[in-house]
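Geometric and topological summary
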Amino acid sequence: MAKTIKEINEKLKKGEAVVVTAEEIIDIVKKKGVKKAAQRVDVVTTGTFGPMCSSGAYLNIGHTKPKTKLGGGRAYLNGVPVYTGFAAVDVYIGATALPDNDPLNKVFPGEFKYGGGHVIEDLVAGKDIKLTATAYGTDCYPRKKLETWVNIKDLNEAVLFNPRNAYQNYNVAVNLSDKVIYTYMGMLKPNLGNANYCSAGQLSPLLNDPYYKTIGIGTRIFLGGGVGYIVWHGTQHNPTVPRKENGTPCVPAGALAVLGDLKQMRPEWLLGTSMQGYGTTLTVGIGIPIPMLNEEICRYTAVKDDDLWTQIVDYSEAYPQGKKESLGEVNYAQLNSGKIVIKGKEVPTGSLSSYPKAMEIATTLKEWIKNGDFLLSEPVASLPGPETGYTFNPLKERPIKN
Amino acid sequence: MRKNPYPTPPYIHLLEVVEMISKRIVIHFPYQFADQPIVYKLVKDYDLEFNILKAYITPEKGGLLVLELSGEDKNYEQGIQYLKEAGVKVQPLSQDIIRNDRRCSHCGVCVPICPAGAFMVEPLTRAVHFQDNKCIACGLCVKVCPLRSMEIRF
């Protein structure tokens with residue numbers, strides 16, 4: 001008995017739909033079986049809350065008197081450079097942007113206390129942000145200097161636009177060398193001192209819809225505490241990877257490009273993040289509803305942590321040198337237990353992604369949907385799946401000879 | 001009347017109940033104490049064992065020691081009294097590492113980093129608990145926390 005999103009939305013509007021989280025569906029399928037679960041449940045909500053580096057926001061600050069052309073000039077928000085390569089008063093602030101005078105790793109490991117991600121958090125929080133800019137001036141946009149406070153409520157547009165978020169699975173990072181290393185996966189202690197991982201596991205959106213059967217372009221989502229949409233596949237989207245029998249990839253695979261109105265988002269779900277010795281980024285909260293259109297889709301959402309596998313990768317040598325070597329496979333139940341065994345050694349694990357916050361997102365989205373405040377949308381196009389052979393490649397360097 | 005098979009020893013009034021305690025404290029002492037063997041006195045006069053967890057001198061605060069002191073409870077109390085009377089500021093360590101609960105997202109990166117095992121993941125909800133009585137104030141978690149939700153204050 002197949003359902004359509006239209007039918008589900010009708011039930012939602014009447015307040016009759018059955019909505020559960022991706023954790024609750026596991027027990028429901030266990031007790032009642034996939035067939036009954038697919039009939040009884042209408043929507044399964046997923047969630048994730050972790051650092052997502054390919055994030056940023058574009059803003060339209062409005063015209064000054066006389067007019068200024070920021071495009072082609074230089075501009076800074078709270079000392080962090082913003083991209084001024086389009087139009088006159090459109091700028092883009094990226095999560096990993098750093099102030100010009102940031103000491104970086106000159107005294108190792110650097111603290112990276114304030115960057116683009118922190119500007120975005122401050123902006124969403126409604127704080128006043130310092131905008132300083134210089135422009136080269138034209139006849140129609142003669143002004144050459146601008147220094148003003150700006151606030152999100154006065155901006156014409158503030159749009160969160162993240163080219164790569166919600167990675168479908170990720171590596172477990174370890175350090176085989178004898179020195180501490182500082183990476184985007186956190187501080188890694190030498191000689192397999194710790195193993196860091198980053199995924200919401202059984203709550204993770206794309207791990208609950210591994211073949212992108214329902215999640216697509218145009219899917220309405222929970223983004224940063226407000227409503228957003230999936231607008232494209234994420235950069236480095238890689239559906240053509242080894243997968244387990246349950247369809248889930250055992251290496252990083254798909255990704256999403258998401259977008260939403262920053263003005264209706266909340267700073268608790270968009271947090272400026274400092275990775276010691278590495279840089280700044282933005283921790284983003286995303287939640288995606290999965291409509292139970294048929295049994296197959298329901299089966300995918302019943303996936304649990306011990307069915308989800310990933311690879312252990314050495315970040316001291318193999319990862320930086322681009323060597324595709326795996327030190328072994330583990331599942332998320334093992335990672336969540338606090339210890340895994342690598343090369344015969346017991347290694348304590350640390351998660352970068354917050355499971356409790358992912359649960360809060362899935363639960364919040366469940367409430368929004370049950371209350372009829374959030375209707376599901378029909379995707380207008382699919383994300384490239386493994387059948388397309390879509391994959392991602394390293395840069396093929398062709399040195400420029402003089 | 002049955003005779004008590006375990007008669008009270010005749011010297012009971014001479015026995016005292018001795019309790020051994022071990023506490024972590026932070027002591028601040030102004031510059032003029034820099035050359036005084038304060039910790040040595042704690043050992044010699046009050047029979048306390050010490051373990052220095054951290055020691056430094058700052059321009060604003062003078063000398064600072066984070067110590068783990070162990071010994072009989074009476075000696076410990078007297079030792080602390082000596083420090084206070086000498087003009088040294090004493091405070092328990094656990095008050096100095098604070099977690100900003102509103103900012104902490106319970107991710108878990110701190111858990112394997114803490115050398116004292118002060119962070120623990122609750123199995124069902126996966127919330128991260130910070131047990132400040134285990135904390136030795138090393139400060140590793142402060143810089144490792146991606147959201148900067150740990151604060152160290154002396």
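1. Section: the overall build of chain A
Of the regular secondary structure elements, chain A holds seven helices and 24 strands. Computed over C-alpha atoms, the radius of gyration of chain A comes to 22 Å, within 12% of the 21 Å expected from 2.2 N^0.38 for 402 residues, which places it in the range of a compact globule. Considered along the principal axes of its C-alpha atoms, chain A spans approximately 70 × 60 × 40 Å. Every one of the 402 residues in chain A was classed for burial, and the buried ones make up 50%. Put simply, 73% of the contacts in chain A that link residues at least 6 apart link residues at least 24 apart.

2. Here we look at the overall build of chain B
The number of helices and strands found in chain B is three helices and eight strands. Counting from the amino terminus, helix and strand elements in chain B follow one another as β-α-β-β-α-β-β-β-β-α-β. Counting over 154 residues, chain B shows a buried share of 27%. Residue pairs in contact within chain B that sit at least 24 positions apart in sequence constitute 63% of those at least 6 positions apart.

3. Describing the sheet that holds strand β2 (residues 49–58) of chain B
Residues and elements named next belong to chain B. Spatial ordering of the open sheet is given by β2-β3-β1-β4, a layout of four strands whose pairing is antiparallel. Of all the strands in the sheet, just β2 and β4 (89–92) have a single pairing partner and so form its edges. Within this sheet the neighbouring strands show an average axis-to-axis angle of 25°, counted without direction. Pairing of β2 with strand β3 (residues 62–72), which is carried by nine bridges, proceeds in the antiparallel orientation. Bridge pairing in β3 links I52 to L67. The strands that helix α1 (residues 38–46) touches are β1 (20–29), β2 and β3; relative to β2, the one it contacts most, it runs at about 160°. Taken strand by strand, helix α2 (residues 73–85) contacts β1, β3 and β4, and its axis lies near 160° from that of β3.

4. Quick word on the interface of chain A and chain B
Chain A puts 25 residues into the contact, and the matching count from chain B is 17 residues. Contributions of two or more residues to the side of chain A that touches chain B are made by β2 (43–51), β12 (186–188), β18 (270–275), β23 (345–351) and α7 (355–370) of chain A. Of the residues that constitute the side of chain A that touches chain B, the class distribution is nine nonpolar, 14 polar and two charged.

5. Observations concerning the confidence of the model for chain B
Chain-level statistics for chain B give a pLDDT mean of 85 and a share of 86% at 70 or above. Two numbers describe this predicted complex: its pTM, 0.87, and its ipTM, 0.91.

6. Thoughts on the nonpolar core
Within the largest apolar cluster, 145 residues are counted, with the highest numbers of intra-cluster contacts made by I25(A), I93(A) and C110(B). Here this core takes seven residues from α7(A), the largest share from any one element. Here I25(A) is in contact with V20(A), A37(A), V41(A), V44(A), T301(A) and A302(A), once residues within four sequence places are set aside.

7. Things to note about the sheet that holds strand β13 (residues 195–197) of chain A
All names here are of chain A. A sheet is described by the order of its strands in space; here six strands give the open sequence β21-β20-β10-β13-β23-β22, paired in mixed fashion. Both edges of this open sheet fall to β21 (329–331) and β22 (339–342), since each of them pairs with a single strand only. Within the sheet, the average angular offset between the axes of one strand and its neighbour, ignoring direction, is 35°. Here β22 pairs with β23 via four bridges, running antiparallel. Bridging from a neighbouring strand, I340 pairs with V347 of β23.

8. A look at the environment of K244(A)
Residue and element names in this part refer to chain A. Among the structural elements, K244 can be located in the loop between β16 (226–233) and β17 (256–261). The exposure class of K244 is partly exposed, given the 15 C-beta atoms found within 10 Å. Considered as a pair, K244 and W309 are 65 residues apart in the sequence and their alpha carbons are 8.1 Å apart. When sequence neighbours within four positions are dropped, the list of residues in contact with K244 reads C250 and W309.

9. Digging into the packing of α1(B) against α2(B)
Residues and elements named next belong to chain B. At their nearest, the axes of α1 and α2 sit 10 Å apart, and the two run at 145° to each other. The element α1 and its partner α2 pack so that their crossing is right-handed. Contact residues: I38, K41, L42 and Y46 in α1; N75, Q78, G79, Y82 and L83 in α2. When grouped by side-chain class, the residues that make up the contact of α1 with α2 number five nonpolar, three polar and one charged.

10. So, unusual backbone geometry
Following K65(A), the chain continues to P66(A) via a peptide bond in cis, the omega torsion being -10°. In the Ramachandran plot, Y212(A) falls in the positive-phi region, its phi being about 55° despite a non-glycine side chain. Looking at the element boundaries, Y212(A) is found in the loop between α4 (205–208) and β14 (216–217). One non-glycine residue, R126(B), lies in the positive phi region at around 65°. By the secondary structure assignment, R126(B) is in the loop between β6 (119–121) and β7 (128–130).

11. Looking at the environment of G56(A)
All names here are of chain A. Relative to the helices and strands, G56 resides in strand β3 (residues 56–60). For G56, a count of 23 C-beta atoms within 10 Å translates into the label buried. Along the sequence, G56 and E24 sit 32 residues apart, while their C-alpha atoms lie 33 Å from each other. Apart from the residues within four sequence positions on either side, G56 is in contact with Y92, I93, G94, A95, G116, F161 and N162.

12. So, the pairing of β18(A)
In regular strands, side chains alternate between the two faces of the sheet. All names here are of chain A. Within β18, six of the six residues are buried, leaving the element largely enclosed by the surrounding structure. Of the two faces of β18, both are covered, the one formed by L270, G272 and S274 as well as the one formed by L271, T273 and M275. Across six bridges, the pairing between β18 and strand β19 (residues 279–291) is antiparallel. Note that in β19 the partner of M275 across the bridge is G279. Hairpin connection, β18 to β19: the antiparallel pair is bridged by three residues, and G277 has positive phi, about 75°.

13. With respect to α7(A)
All names here are of chain A. The terminal C-alpha atoms of α7, which comprises 16 residues, lie 22 Å apart, in line with the 22 Å expected from a rise of 1.5 Å per residue. Along α7, the residues that are buried comprise Y355, K357, A358, M359, I361, A362, L365, K366 and I369. As for α7, its buried residues are in contact with α1 (5–14), β1 (19–21), β2, β15 (220–223), β19 and β23. Once α7 finishes, G372 follows within two positions and takes phi at roughly 75°, a positive value.

Definitions and limits used
Residues numbered from 1 in each chain as written. Chains lettered and ligands numbered in written order. Predicted model: local features only at pLDDT ≥ 70, side-chain atom pairs only at ≥ 80, totals over all residues. Helix = DSSP H or I, 4+ residues; strand = E, 2+ residues; numbered from the N terminus. Rg over C-alpha atoms; globule rule 2.2 N^0.38 Å. Buried ≥ 20, exposed ≤ 12 C-beta atoms within 10 Å, placed from the backbone. Contact = placed C-beta atoms within 7 Å. Pairing = 2+ DSSP bridges. Axes fitted to C-alpha atoms, helices over the stretch in contact; angles between N-to-C directions. Nonpolar A, V, L, I, M, F, W, Y, C, P; charged D, E, K, R; others polar. pLDDT = per-residue confidence, 0-100. Core = buried A, V, L, I, M, F, W, Y, C linked by C-beta atoms within 7 Å. Left-handed = near helix turned anticlockwise from the far one by under 90°. Expected span 1.5 Å × (residues − 1).

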